Amino acid sequence: MSTPAVTPRKPVTLHRLREMHAQGDKITMLTAYDATFARVVDEAGVDCILVGDSLGMIVQGQSSTVPVSLDEMVYHTRCVVRGNRSAWVVGDLPFGSYQASREQALHASIALMQAGANMVKLEGGGWTADTVLFLTERGIPVCAHLGLTPQSVHALGGYRIQGRDEAGAQTMRKHATELSQAGAVMMVLELMPSAVARQVQADNPGLMTIGIGAGQGTAGQVLVLHDMLNITRGKLPRFVRNFAAEGGSVDDAVIRYVRAVKEGSFPDESLHAY
Ligand code: KIV
């Protein structure tokens with residue numbers, strides 16, 4: 001595998017991400033679960049690495065993210081942080097680590113932050129606002145996650161598009177604003193109509209929305225690394241693009257992703273028919 005010509009960059013900070021957002025510079029995010037891929041992603045210039053609980057499927061071979069434990073998230077966060085040099089690291093709070101109380105969420109977040117995460121991510125609507133406020137007041141940057149929230153797959157009845165009807169869209173917008181007002185600075189918007197994601201961003205201009213299957217109107221984009229490298233087996237969601245299709249190295253594919261998000265050619269709005 002060839003390695004990219006690396007120009008060292010300054011560590012990506014929250015301040016820098018906010019500057020990028022204010023300037024309309026798209027934010028790039030990819031998942032990584034180990035030191036080697038974290039280094040590849042960082043050197044390709046990806047702004048944020050998500051240590052996602054998608055590792056339940058990608059690394060552990062589980063059928064959902066539900067079985068992933070906090071100890072496992074801590075372990076993978078440590079691995080990623082060892083490989084990373086400068087990207088902003090977001091650690092996922094797994095199912096069962098924050099739902100019981102805001103104190104439970106604080107203890108779990110401390111474990112991820114002490115493993116080296118710069119920010120924690122939690123799934124859920126307005127019911128998490130109190131927790132978001134509690135964490136941010138204690139110096140922990142929080143990324144919220146709305147739309148398809150995979151930890152709730154059993155309650156949602158599968159991996160379905162969210163916010164499709166008017167009532168669903170209005171609820172999504174209400175929850176997004178509550179979470180933003182509670183202090184969430186970043187928000188993953190997963191699998192929803194592009195118009196809804198655009199509206200959430202317009203309602204909360206300072207919020208850094210990061211889309212996955214949510215069209216082009218978000219402040220940034222995220223994909224599961226193994227999906228965009230086309231090494232995940234099985235049927236992939238249709239919003240995923242195979243960045244390895246043109247050949248070359250893994251580094252080349254990740255560099256292509258960064259370029260496509262920054263110049264706005266990914267995602268392709270014409271293919272986003274939700
Ligand atoms: O766990 C994960 O990888 C995620 C992304 C799909 C956003 O939450």
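Residues numbered from 1 in each chain as written. Predicted model: local features only at pLDDT ≥ 70, side-chain atom pairs only at ≥ 80, totals over all residues. Heavy atoms only, no water.

(A) Seen up close, the packing of helix α8 (residues 166–182) against helix α9 (residues 194–203). Put simply, α8 and α9 touch, their axes get as near as 10 Å, and they point 30 degrees apart. With respect to the hand of their crossing, α8 and α9 are arranged in right-handed fashion. Contacts between α8 and α9 involve Ala169, Met172, Arg173, Ala176 and Thr177 from the former and Val196, Gln199, Val200 and Asp203 from the latter. Within the contact of α8 with α9, the residues separate by chemical class into 5 nonpolar, 2 polar and 2 charged. (Axes fitted to C-alpha atoms, helices over the stretch in contact; angles between N-to-C directions. Helix = DSSP H or I, 4+ residues; strand = E, 2+ residues; numbered from the N terminus. Left-handed = near helix turned anticlockwise from the far one by under 90°. Contact = heavy atoms within 4.5 Å. Nonpolar A, V, L, I, M, F, W, Y, C, P; charged D, E, K, R; others polar.)

(B) Up close: the sheet that holds strand β3 (residues 88–92). Read once around its circumference, the closed barrel built from 8 strands follows the order β1-β2-β3-β4-β5-β6-β7-β8, with strand pairing classed as parallel. Here the average twist between neighbouring strands, direction ignored, is 25 degrees. Pairing geometry for strand β4 (residues 119–121) and strand β5 (residues 142–147), over 2 bridges, is parallel. Paired with Lys121 across the strands is Cys143, a residue of β5. (Pairing = 2+ DSSP bridges.)

(C) Quick look at the side chain of His226. Checked against the element boundaries, His226 lands in helix α10 (residues 225–228). For His226, a relative accessible area of 14% puts it in the buried group. (Buried < 20%, exposed > 50% of the residue type's maximum accessible area, 1.4 Å probe, protein only.)

(D) Looking closely at the site of the ligand. With respect to spatial proximity, the complete set of residues near the ligand consists of Thr31, Leu50, Gly52, Asp53, Ser54, Asp92, Lys121, His145, Val188, Ile212 and Val224. One nitrogen or oxygen atom from the side chain of Asp53 is found 3.0 Å from an oxygen atom belonging to the ligand. Within the side chain of Ser54, one N or O atom sits 2.5 Å away from an oxygen atom of the ligand. In the complex, the protein chains occlude 95% of the 260 Å² of accessible area that the ligand would expose alone. Residues that form the shell around the ligand fall into these classes: 4 nonpolar, 4 polar and 3 charged. (Near = heavy atom within 4 Å. Polar contact = N/O pair within 3.5 Å; in protein donor to acceptor, adjacent residues only side chain to side chain. Areas by Shrake-Rupley, 256 points an atom, 1.4 Å probe, with all protein chains shown as cover.)

Read these as layout, nothing more, since geometry by itself doesn't imply function.
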